[in-house]
Amino acid sequence: MRRKRKRIMKTGNVPVKSRSQIDGIRESGRINTAVLDYVQQNIRAGVSTAEIDRWVYDLTTDMGAVPAPLNYEGFPKSVCTSLNDVVCHGIPDEDEVLKEGDIINVDVSTVYKGYYSDASRMFCIGSVSADKKHLVQTAKEAVLVGLMEVKPWKPIGDMGHAIHIYAQSQGYSVVEEIGGHGVGLEFHEEPWVSYTAPKGSGEILVPGMVFTIEPMINMGTPDFYIDEENGWTVRTADGMPSAQWEVTVAVLERGYEILTH
Ligand code: MF3
Ligand code: CO
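Residues numbered from 1 in each chain as written. Chains lettered and ligands numbered in written order. Predicted model: local features only at pLDDT ≥ 70, side-chain atom pairs only at ≥ 80, totals over all residues. Heavy atoms only, no water.

J.: Even after reading the chapter, I still don't get the pairing of strand 4 (residues 80-83), so can you show me in this structure?
T.: Both faces of the sheet carry side chains from a regular strand, because those side chains alternate between them. Burial along strand 4 is two-sided: the face carrying Cys80 and Ser82 and the face carrying Thr81 and Leu83 are both buried. Two strands pair when backbone bridges link them, and strand 4 and strand 6 (residues 103-112) are joined in this way by four bridges, in the antiparallel orientation. Paired with Leu83 across the bridge in strand 6 is Ile104. (Buried < 20%, exposed > 50% of the residue type's maximum accessible area, 1.4 Å probe, protein only. Helix = DSSP H or I, 4+ residues; strand = E, 2+ residues; numbered from the N terminus. Pairing = 2+ DSSP bridges.)

J.: Got a minute to help me understand the site of ligand 1 in this structure?
T.: Around ligand 1 sit 14 residues, and of these Asp107, Asp118, His181, His188 and Glu214 come closest. Take Ser109: an N or O atom from its side chain is 3.2 Å from a nitrogen atom of ligand 1. The side chain of Glu246 places a nitrogen or oxygen atom 3.1 Å from an oxygen atom of ligand 1. Contact with the protein chains removes 96% of the 340 Å² of surface that ligand 1 exposes when unbound. The cavity where ligand 1 resides is the largest pocket. Along the lines of polarity and charge, the residues of the shell around ligand 1 split into six nonpolar, four polar and four charged. (Near = heavy atom within 4 Å. Polar contact = N/O pair within 3.5 Å; in protein donor to acceptor, adjacent residues only side chain to side chain. Areas by Shrake-Rupley, 256 points an atom, 1.4 Å probe, with all protein chains shown as cover. 1 Å grid on protein atoms, 1.4 Å probe; cavity = no way out; pocket = protein on both sides within 12 Å on 5 of 7 lines; lining within 4 Å. Sits in = over half its atoms within 2 Å of the grid points. Nonpolar A, V, L, I, M, F, W, Y, C, P; charged D, E, K, R; others polar.)

J.: Which parts of the structure should I look at to understand the pattern of salt bridges?
T.: One pass over the structure, following the stated rule, counts 11 salt bridges. One continuous salt-bridge network, built from bridges that share partners, spans Asp23, Arg26 and Glu257. (Salt bridge = Lys/Arg side-chain N within 4 Å of Asp/Glu carboxyl O.)

J.: Can you walk me through the packing of aromatic side chains in this structure?
T.: Aromatic rings considered in pairs are described by the distance between their centres and by the relative angle of their planes. The full count for this structure, using the stated rule, is four aromatic pairs. Here Phe75 and Trp232 contribute two aromatic rings whose centre-to-centre distance is 5.0 Å and whose plane-to-plane angle is 90°, an arrangement assigned as edge-to-face. Note that Phe75 is positioned in the loop between strand 3 (66-67) and strand 4 and Trp232 in the loop between strand 13 (224-226) and strand 14 (234-236), a separation of 157 residues in sequence. Considered together, Phe75 and Trp232 belong to a single accessibility category, that of buried residues. Feature note: the residues Tyr72, Tyr116 and Phe187 constitute an aromatic cluster, connected by ring pairs. (Phe/Tyr/Trp six-rings, centres within 6.5 Å; stacked < 30°, edge-to-face > 60°.)

J.: I'm lost on the packing of helix 3 (residues 130-147) against helix 4 (residues 156-169) in this one. Help?
T.: The packing of two helices is summarised by the inter-axis angle and the distance between the axes. With their axes 8 Å apart at the nearest point, helix 3 and helix 4 run at an angle of 150° to one another. In terms of crossing hand, the pair formed by helix 3 and helix 4 is right-handed. Of the residues in helix 4, those in contact with Thr138, Glu141, Ala142, Val145 and Gly146 of helix 3 are Met159, Ala162, Ile163 and Tyr166. Looking at the contact of helix 3 with helix 4, its residues break down into six nonpolar, two polar and one charged. (Axes fitted to C-alpha atoms, helices over the stretch in contact; angles between N-to-C directions. Left-handed = near helix turned anticlockwise from the far one by under 90°. Contact = heavy atoms within 4.5 Å.)

J.: Just to check I follow, could you spell out the environment of Lys113 for this structure?
T.: With respect to the element layout, Lys113 can be found in the loop between strand 6 and strand 7 (115-124). Residue Lys113 is classed as exposed on the basis of its relative accessible area of 62%. Distance from Lys113 to Glu27, taken between C-alpha atoms, is 9.0 Å for residues 86 residues apart in sequence.

J.: Where do I start with the sheet that holds strand 5 (residues 86-88) in this structure?
T.: Hydrogen bonds between backbone atoms are what pair the strands of a sheet, whose relative direction is either parallel or antiparallel. Spatially, three strands are ordered 5-14-13 in an open sheet, and the strand pairing comes out antiparallel. Since the sheet does not close on itself, it has two edges, and those belong to strand 5 and strand 13, each with one partner. Within this sheet the neighbouring strands show an average axis-to-axis angle of 40°, counted without direction. Pairing analysis gives two bridges linking strand 5 to strand 14, with the strands arranged antiparallel. Across the sheet, Val86 pairs through a bridge with Arg235, a residue of strand 14.

Take a look at the structure:
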């Protein structure tokens, strides 16, 4: 039997997904959301980040899907776990045990039937300082502020700019060199998504575009460095905490749809 070749529609370099492709990403996203829900219900002081990695691997594979990070460009685990001053790409570790007062980002990405979805949440372990709590809350609100700008025929920079202004209004900075991405048919696609871009800049949003909103919000300066030993872990230069929430969103004829959160 001969099958029709899979055609990918694009505007410029940005893939525009068909209805059935968005259905596929939504299904993948449902699994992704279920995994994050499980993490949310079970994360607590005393749990190691390696244990979180096992939850993600076991649950994802039980549902017939694959964790997208596993072996992605050499990433050794199934999930990113980014604690306190870690901005992103933290590697789960047996010796890293959560304790009261920690804040952590758990970033889950799923491949199901060839479709990719991507989301992350912050968790506060036990009672957390008011400063850290406010950072976590602001990072969450920043995603909502961005979502309000997701409408067809608007430049994507309007979304990034709104997030930047909001984070700054709360006294925080936004990481400039690491952003979001298109997602769905691959883990990372066009467009590159900035949360510090000027208003009016970047790609025009078109129905069928699917991308992540995932600003990294720092309590101190936006500067960071990458751990030389593992080549992955991104830490704030000043050692202050960083927070990030992430959703995968599809642009619709009217507004948007969140495909995983
Ligand atoms: N989930 C991350 C993102 O939001 C990607 C991590 S790449 C990995 O884009 F290899 F570290 F998993
Ligand atoms: Co992402």
